Structures are given as C-alpha cells and as structure tokens.
Amino acid sequence: KYIVEKSLCESEYKDIEIPVKWKHRCPDKHVITVVQGGRLGNQLWEYASVWAVAKATNREAFVPSCMIDRLSYIFKNVTRIPPLKYIEDCKVEYKRIRNVLEIEKATGSIILRKWIQLPDYVVLYINEIAELFQFQDHITEKSQDILRKVSAGVKYPVFVAVHVRRTDYKGYLKTKLNASLVTEDFFIRQMNYLRNKYFKVLFIVLSDDPSWCEKKLKSNDTFVLKGNSAEQDLSIMANCNHTIFDYGTYGKWGALLTGGDTYLYNVETNKKLASLLPNSHLVM
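The residue numbering used here restarts from 1 in each chain and proceeds along that chain's sequence as written. Owing to the predicted nature of the model, reporting of local features is limited to residues with pLDDT of at least 70; listing and counting of side-chain atom pairs is limited to 80 or more, with chain, interface and lining totals taken over all residues. Excluded from the side-chain calculation are hydrogens and water; included are all heavy atoms of the structure.

The chain has the name L-Fucosyltransferase in an unreviewed UniProt entry, where Diploptera punctata is given as its organism. Quoted verbatim from the Pathway (unreviewed entry) heading of the UniProt record, the comment on the chain is "Protein modification; protein glycosylation." UniProt positions are given in the numbering used here, feature names are shortened, and annotations may be inferred rather than shown by experiment.

Structure (structure tokens):
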C-alpha cells in the first residue's frame, strides 16, 4: 500500500519543503524505506539497514525526514539518503519486511519494520556506513578532549571502551532470554586480559548505571564517565581502540564504529554480529 511519510515517524514530525528538482521526479528503481522507532542505537540500525539493503538489492534508499532530523544533529553525512517526503506523491506500493528471509524473497519496493537489525547486510557495508556516521566536529572535539584529559601523562595509551548496560535491560533479559544481568566478573576478566596484552591500557567506562561501575570496576586505569549525552558517549567509544560490551543495540554500534578488537558477552542477541565482525570474541 502507499505510504505517508508522517505515519513512519515516532519522533516529532515537521513538514519539509520539497526541492524543485524532486517535485516532478519519481524513482527509477524499486524503493526501500523504514519505520522510525526506538532510541539512538535502534535508529542507527534502521538507517544503516536501509543503506545496506539498498546497495545489496539495487533499490533506491529513502528514510523518514524525522529520522534525518534526529540523526543530522549528530552525524555529518546522513543527508545522503533523501527523505521519503520527496517521493510521497509517487505511486509506490510497499511490502512490509520483518527479517532477512523476507528481504531475500521480496520483489518490488519494501519498508523495513522499526527496531530492525540486519547485521548480515550492515557489516558488509560498514566502511561506507561509518562514513555516513561521521560525528559533527563539536562532538568529536569534545570526545578527544575528554580522552586527552584522562590520559594526561601517559604516552601512547591504548583506549578500551567498556559499555555496561543495566537498568532497563534487566527485565528484557529475563523476559526474552530467561537470562540475568552479567556480573562484574565478565568485565574484569576481559580487562585483565587486555592489561596483560597492552603496556599502557586505559579503560573508558560508559554506562546507564555509573554508580554500579564505580563500585565494581574501580581501578587506577579505569575511568567511569558520567553526565554526557548518548551521542557524546557513542563518539567517545568511536575514538577508542577496542571495545568490551555486554549487550544492546547501542553497544553494538559502539563496537562497529570503534573497530579494533571487540569482546562481546556470549548471549543470543550478540551471536550474529560476532560471527560477522572481524576481530570479535564471544566470551562468558
């Protein structure tokens, strides 16, 4: 069925003006778009999935303008995918897609469900996607300044981002996976391994529960950062060399944008990414 862009938006919708060059243009190819949903980590997956599937299946990519509005405040190049509003008057019929198998079978134009994660496609095009997700200069500069301050007096430090997800994830793990939050042992074992591997390693801990981290992960080489926005924390992770994280869409993007070695908790939701991502290690 036909799609009205506003119906795909979860955040506040602002009507936009259509440029003259788009007013009488309809796509030459089939289209792919997505429903906006969730917080920053989810929306990065939604946006990146549109880009990657468009590349892989020779479709033309569009995303809701509300998503571009949200992400362009953080990233420089997300406007490379035009807003769906530009072709709203074109007679495009979409099939709604829920997973990878449906993409492989689909013909014609498609719309991805909100909260979708498609690592099979995204990891394939991660270098291009990392270029789209180049942080705005003021965000990058603040991240680099923070890392300079915590590493003052240390020559050639190796920064390891440690992302700890707790609070709201406790209920999700119990309901969806019949699992409990990881204990500090998971993080400490990976940190000790990297302490032995690198001479001057500094751990940059980012979490929705910094008080827990300060109590459980306290060490002279460990810095628990507090008070930054979600996008600032993600930029800090991207400026590190390696990553340790437990679970969640946001932590996955920290690992994807950081590169280097990634140490993931061995839980079902991490297995697909670990199988695709170079230098990844699933650990208990």
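The rest of the description comes next.
Student: Report on the overall build of the chain, specifying residues and quantitative values.
Tutor: Strands are runs of DSSP state E lasting at least 2 residues, helices are runs of H or I lasting at least 4, and numbering of each runs from the N terminus. Counting secondary structure elements, the chain contains 12 helices and 10 strands. We compute the radius of gyration from the C-alpha atoms alone; for a globule the expected value is 2.2 Å times N to the 0.38, where N is the number of residues. Against the globule reference of 19 Å for 284 residues, the chain gives a C-alpha radius of gyration of 20 Å, in line with a compact fold. Principal axes of the C-alpha set define a box for the chain whose edges measure 60 × 40 × 30 Å. Out of the 284 residues belonging to the chain, those deemed buried represent 54%. Residues count as neighbours in contact if any of their non-hydrogen atoms are within 4.5 Å of one another. Taking all contacts inside the chain whose residues are at least 6 apart in sequence as the whole, residues at least 24 apart take part in 67%. Within this scheme the basic residues Lys and Arg register as positive and the acidic residues Asp and Glu register as negative, but His and the chain ends are omitted. All charge positions are set by atom: Lys at NZ, Arg at CZ, Asp at CG, Glu at CD. In the chain, 41 side chains carry a positive charge and 32 a negative one; their mean positions are 3 Å apart. Exposure is judged per residue with a 1.4 Å probe applied to protein chains only, and the accessible area is read against the type maximum: over 50% gives exposed, under 20% gives buried, and values in between give partly exposed.

Student: Account for the nonpolar core, naming residues and giving values.
Tutor: Across soluble globular proteins, nonpolar side chains have a tendency to be buried as a group. We call a set of buried residues a nonpolar core when its members are Ala, Val, Leu, Ile, Met, Phe, Trp, Tyr or Cys and they connect through side-chain atoms within 4.5 Å of each other. Judged by nonpolar contacts, the single largest core of 62 residues is most densely connected at Leu 112, Ile 129, Phe 133 and Trp 253. Setting aside chain neighbours within four positions, we find Leu 112 in contact with Ile 32, Thr 33, Val 34, Val 35, Ser 49, Val 50, Ile 97, Ile 103 and Leu 118. Counting residues in each nonpolar core, the second largest holds 26 residues, with Val 164, Ile 244, Tyr 263 and Tyr 265 among its members.

Student: Go over the environment of Val 154 with me, naming the residues and quoting the values.
Tutor: Examined against the element boundaries, Val 154 turns out to sit in the loop between α6 (137-150) and β5 (158-164). A relative accessible area of 30% means that Val 154 is categorised as partly exposed.

Student: Before we move on, can you summarise the sheet that holds strand β1 (residues 31-34) with the specific residues and values?
Tutor: Any two strands with at least two DSSP bridges between them are considered paired. Pairing is parallel across the open sheet formed by four strands, whose spatial order is β2-β1-β4-β3. With partners counted over all chains shown, the strands left at the sheet margins are β2 (60-61) and β3 (94-97), one partner each. Where β1 meets β2, two bridges bridge the pair, whose relative direction is parallel. Across the sheet, residue Ile 32 finds its bridge partner in β2, namely Ala 61. Each axis is a line fitted through C-alpha atoms, and for a helix only the stretch in contact is used; angles between axes span 0 to 180 degrees, taken between their N-to-C directions. Here helix α1 (residues 40-57) sits on the sheet and contacts β1, β2 and β4 (109-112); the angle it forms with β1, its principal contact strand, is near 170°.

Student: Which residues make up the packing of aromatic side chains, and what are the values?
Tutor: Each Phe, Tyr or Trp ring (for Trp, its six-membered ring) is paired with any other whose centre lies within 6.5 Å, and the angle between the two planes then decides the class: stacked below 30 degrees, edge-to-face above 60, tilted in between. Scanning all chains against the criterion turns up 12 aromatic pairs. With a centroid separation of 5.0 Å and an interplanar angle of 40°, the aromatic rings of Phe 75 and Phe 133 are classed as tilted. Of this pair, Phe 75 sits in the loop between α2 (65-72) and β3 while Phe 133 sits in the loop between α5 (126-132) and α6, placing them 58 residues apart in sequence. With a centroid separation of 5.3 Å and an interplanar angle of 75°, the aromatic rings of Phe 186 and Tyr 265 are classed as edge-to-face. Highlighted residues: Phe 186 in helix α8 (residues 184-197) and Tyr 265 in strand β9 (residues 262-265), separated in sequence by 79 residues.

Student: Requested: an account of the sheet that holds β5, with residues and values cited.
Tutor: Taken together, six strands build an open sheet; the order of strands is β7-β6-β5-β8-β9-β10 and the sheet is parallel. Looking at the sheet topology across the chains shown, the edges are occupied by β7 (222-224) and β10 (280-283). Pairs of neighbouring strands in the sheet enclose a mean axial angle of 20°, with direction left out of account. In the packing of α6 onto the sheet, the strands contacted are β5, β6 (201-207) and β7, and the crossing angle to β6 comes to about 130°.

Student: Lay out the pairing of β9 with the relevant residues and their values.
Tutor: On β9, burial covers both faces: Thr 262 and Leu 264 on one face and Tyr 263 and Tyr 265 on the other are all buried. Handedness of the crossover joining strand β8 (residues 242-245) and β9 through helix α11 (residues 249-258) is recorded here as right-handed. As paired strands, β9 and β10 are joined by four bridges and run parallel to one another. Among the inter-strand pairings, Tyr 265 is bridged to a residue of β10, identified as Val 283. Remark: the β9/helix α12 (residues 268-276)/β10 crossover connection has right-handed handedness. Consider the strands pointing away from the viewer: the crossover is right-handed when the path from the first strand over the helix to the second runs clockwise.

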